[in-house]
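# Coordinate inspection notes
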Amino acid sequence: MGTNSKTSHQPYAVAPTATEVAEPPAPADAAGPPPAGATAEFLDLSALGSPPALPSDLKQEVLQNLASVLGQAVPPAEMGPAPAQGEAAGGEVGGGAVGGGAAGAVGEEEEPEEDAPAAEQDGPQSDGPAEPEAELALELDGAKADEEEDEPEEAPLWTVPTTPPVGVAAGVPALISGHDLVDSTATLISYNTDSGEPREVLLAHLSEDAEGKLMDALDAGEPKLVPIQVEKEVTGRLGMDEQHKLAELVGLAAKGVNGKLKHGEEMTTKTLSQYQAAQKAVAAVLDNPALSDDEKTMAQYYAGHLATIGERMENPKALPYLEGGKVPMVTPYLHTGMATVTEYVPAPPEEGEDDGLLKATKRNASRIKATMDKSTGMVSWNGKTRSKASGIEYAIDLGDGYRAVYRPYAGNDPATTEYSMRGQLEIHAPVGAGHGQDLVGRLEQLHLNNRAMKAPEGELTYLHANITAQGLAKNTGVKQALETAHALEDLQVQELFHERAHEAIGLDATELGAFAKRIQLEAAHKVLPKKVTVLRDAVAKATGFADGAALAASSGYDPTPSRSAGWSSWNRFDVTGAPEQFDAAWKGKSLIHNIGKGSLVDVFASGVLASTERRAVMGIGGGLGMSESADKKTGGANYAFVRVANTSSAGNAGGRLIWDNPRTLMQRADYYAYDGDHFGALNPHGGHSTYGQTRDPYKIANFTSGSNEVMLRNGADLYSEQAPTRAIASSAAERNAVLALFASRGITHLNGKPVEDVVIYNGK
């Protein structure tokens, strides 16, 4: 979590667009990249000399301040190039983040209703041969000596729509550079409303490593409270009494003294401590200058009881207990009628006080409670109704009518809360259409990357996805490449600072933070091609290719993401590049999904086989999955479940989707599996074992347990190349209803196959 201090959030301040500058020559003592994470120390070097126009008396101060700011900042690898001024994420004019203010308060929401009944773990790892450091470190000396030529600006891989289509339940994806978001993807949904004005929302899942950045943007601490006196109708104890527990403390002291008096015993240290605690509490209330007359009367009532208690403690034998010498029973002070009482409210901000943080309120966790029209697949939400969840979340005011909801990793205990919701982020636009690009732009207010992904960033993300999917993270060469790539960026930051330190003269703390971010963004842009080259070479050698060029030229290498309904998916080249090997291993095997309590009509109306978490925001509702509540605890609720089965017996039951060509799903890079029922366990504290988890498609092909499970992130797009080859209806009427739905939407084929041949009942 963030510190909520002004200093800690400065590195992420909104900065002007950096201009391209030529790379400076390397410092004389720069033999190679610095160690990863050594940015701050590497900057504070007297050997850098005095940058142009930088007065010597300011040099050390600027160096130290900037090094401190950069040292706190997120690793540059997490960021992409800055958009041109006036350009939105996605390359269209009119978007981008704007500063938040007090204009847009967090909207009021209805009380959540009860809902109906992560970081992914790496699969098996393999070590390849150790790669010499010289092969992994880029030959920078020549590159530094020459100025890089300006290259034309690349177009984004996907354009962020200004106006997302209204009512599309799965939404549309927005591909974001960097690794702040899981899968580098956000989803834009435009909910239909009764008023006809849509509610546009951005949905994303934050990577756990990026949470500190978001929390440093928030003022989520306890507010400073000030007392005010108000007239209230009171029946019973006054609030000041309950707050300080005066009746309880004074009553306990009286009970303790009476116990000693009854048995003729000496007062003990414990009895004295109880009396002193009550005395201290009453005195604290009486000393409050904001006390009302009614509250003073209440406090004096308890003070009178304490006086009697004190007298009996000083002279316990003055009057025997049996002759009425006990302390009178202490009953709470009660008030009936209007009373002037003291309440504490958040203090108004002092004049000129503005720390630049976003106001956030912690509350019980909840989810959007949307509804879907099953006949049309259109999703609606009134912008207020929410269902309850187990945990906490922050309601965040972004200003100008925009607001956000974030369910943090920290503060939501994996042992007691819903694991699948940790990291979920919602950003809500004001009522109406046309906010798509602005919603993506608002990520910057939360210190998150909001830049549309371009091809080089896409390839870097593709390589990272394959490292996870193929279990390469512990390979010696890949591990060194990851460290080298980060170190190269650190070195580029250092060089840019050496070139431009004079620009920091006269900047205040906030401006210095923006300056630091500009340098980071520019460094990330400059070294991105080098990072891709380093990582591609290492991944190539770890997977049996001669080098990165050979890998890039292979038939399976495709660093372009696929659209899968409202999200993206990246393919794994070990499957796409070896179709014959894969098909041979999976011969006679299919993947199946049992619909359960739903129907084929409902599933195809939504267009997706969706995870539990996705179904919630799509308005499909709960109670359809086999173990929704348990899956929320294990983390499996972020995934749709399919199962390996023999093709010969896969189509025996109705209400089932079947993929007789498993490669359409198993070429994705986002699945994991168990040869048994583990409820999709990712959470080690979720009550189900994570032992035996694998991402290896060849191991999955040999699953033998009838309760095996394969988990697909978010789900599968049933109208894309991920469509099933067979859909088994439970009745002739259901088959006719599905075909009628397809006809109403003009759908004649699913993945090249006539729909009449896909939807089957009783073998036809």
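Residues numbered from 1 in each chain as written. Predicted model: local features only at pLDDT ≥ 70, side-chain atom pairs only at ≥ 80, totals over all residues. Heavy atoms only, no water.

### Section: the pairing of strand S11 (residues 402-406)
- Within S11, 5 of the 5 residues are buried, which leaves the element mostly enclosed by the surrounding structure.
- Side chains Tyr-402, Ala-404 and Tyr-406 project from S11 onto one buried face, and the interleaved Arg-403 and Val-405 project onto a second face that is buried too.
- Of the strand pairs in this sheet, strand S10 (residues 386-399) and S11 are connected by 5 bridges, and their pairing is antiparallel. Bridged to Asp-397 within S11 is Arg-403.
- Remark: 2 residues form the turn of the hairpin made by S10 and S11, two consecutive strands paired antiparallel; Asp-400 in that turn has positive phi of roughly 60°.
- Where S11 lies against strand S12 (residues 424-428), 4 bridges are found, and the strand directions are antiparallel. Bridge pairing links Val-405 to Glu-426 in S12. (Buried < 20%, exposed > 50% of the residue type's maximum accessible area, 1.4 Å probe, protein only. Helix = DSSP H or I, 4+ residues; strand = E, 2+ residues; numbered from the N terminus. Pairing = 2+ DSSP bridges.)

### Here's the deal with unusual backbone geometry
- Notably, Asp-400 is not glycine yet its phi reads approximately 60°, a positive angle.
- Within the secondary structure, Asp-400 sits in the loop between S10 and S11.
- The backbone of Asn-751 sits at a positive phi, close to 50°, despite the residue not being glycine.
- With respect to the element layout, Asn-751 can be found in the loop between strand S23 (749-750) and strand S24 (753-754).
- Owing to a relative accessible area of 44%, Asn-751 belongs among the partly exposed residues under this scheme.

### Overview of the sheet that holds strand S25 (residues 759-760)
- The strand order across the open sheet formed by 7 strands is S19-S20-S17-S15-S18-S22-S25, and the pairing between neighbours is mixed. Here the strands that pair on one side only, and so sit at the sheet edges, are strand S19 (671-674) and S25.

### Here's the deal with the side chain of His-678
- As for its position among the elements, His-678 is in the loop between S19 and helix H22 (697-701).
- Judged by relative accessible area, His-678 falls into the buried class, the value being 18%.
- Setting aside residues no more than four positions away along its own chain, His-678 makes contact with His-688, Ser-689, Tyr-691 and Glu-709. (Contact = heavy atoms within 4.5 Å.)

### Re helix H23 (residues 732-744)
- Taking 1.5 Å per residue, 13 residues should reach 18 Å; H23 reaches 18 Å between its end C-alpha atoms and fits that length.
- If you check which residues of H23 are buried, you get Glu-734, Arg-735, Val-738, Leu-739, Leu-741 and Phe-742. Each buried residue of H23 lies within a common arc of 150° when the element is viewed along its axis, so the set occupies one face. When the buried face of H23 is taken as reference, the exposed residues oriented beyond 90 degrees from it are Ala-733, Ala-743 and Ser-744.
- Once H23 ends, the next one or two residues include Gly-746, with phi positive near 75°. (Expected span 1.5 Å × (residues − 1). Arc of directions from axis to C-beta.)

### Brief notes about the sheet that holds S12
- The strand order across the open sheet built from 8 strands is S1-S2-S3-S12-S11-S10-S7-S4, with neighbouring strands paired in mixed fashion. Edge strands, defined here as strands with exactly one partner in the open sheet, are strand S1 (172-175) and strand S4 (218-219).

### A short note on the nonpolar core
- Of all hydrophobic cores here, the largest spans 38 residues; its most connected members are Phe-604, Leu-657, Ile-700 and Phe-742.
- Core analysis: the next-biggest nonpolar cluster, separate from the first, contains 32 residues, Ala-174, Ile-176, Ala-204 and Leu-439 among them. (Core = buried A, V, L, I, M, F, W, Y, C linked by side-chain atoms within 4.5 Å.)

### Some words on the packing of aromatic side chains
- Within the structure shown, the criterion is met by 13 aromatic pairs.
- A ring pair is formed by Tyr-301 and Tyr-302, whose centres lie 5.0 Å apart and whose planes are at 70°; its orientation type is edge-to-face.
- Both rings, one in Tyr-639 and one in Tyr-672, keep their centres 5.0 Å apart while their planes meet at 85°; by these two values the pair is edge-to-face. Here Tyr-672 lies in strand S19 and Tyr-639 lies in strand S17 (residues 639-646), a separation of 33 residues in the sequence. For the pair formed by Tyr-639 and Tyr-672, the shared burial category is buried.
- Between the NZ or CZ atom of Arg-442 and the centre of the ring of Tyr-402, over which it lies, the distance is 4.0 Å.
- Across from the ring centre of Trp-158, 4.4 Å away, lies the NZ or CZ of Arg-563, which sits over that ring. (Phe/Tyr/Trp six-rings, centres within 6.5 Å; stacked < 30°, edge-to-face > 60°. Lys NZ or Arg CZ within 6 Å of the ring centre and 35° of its normal.)

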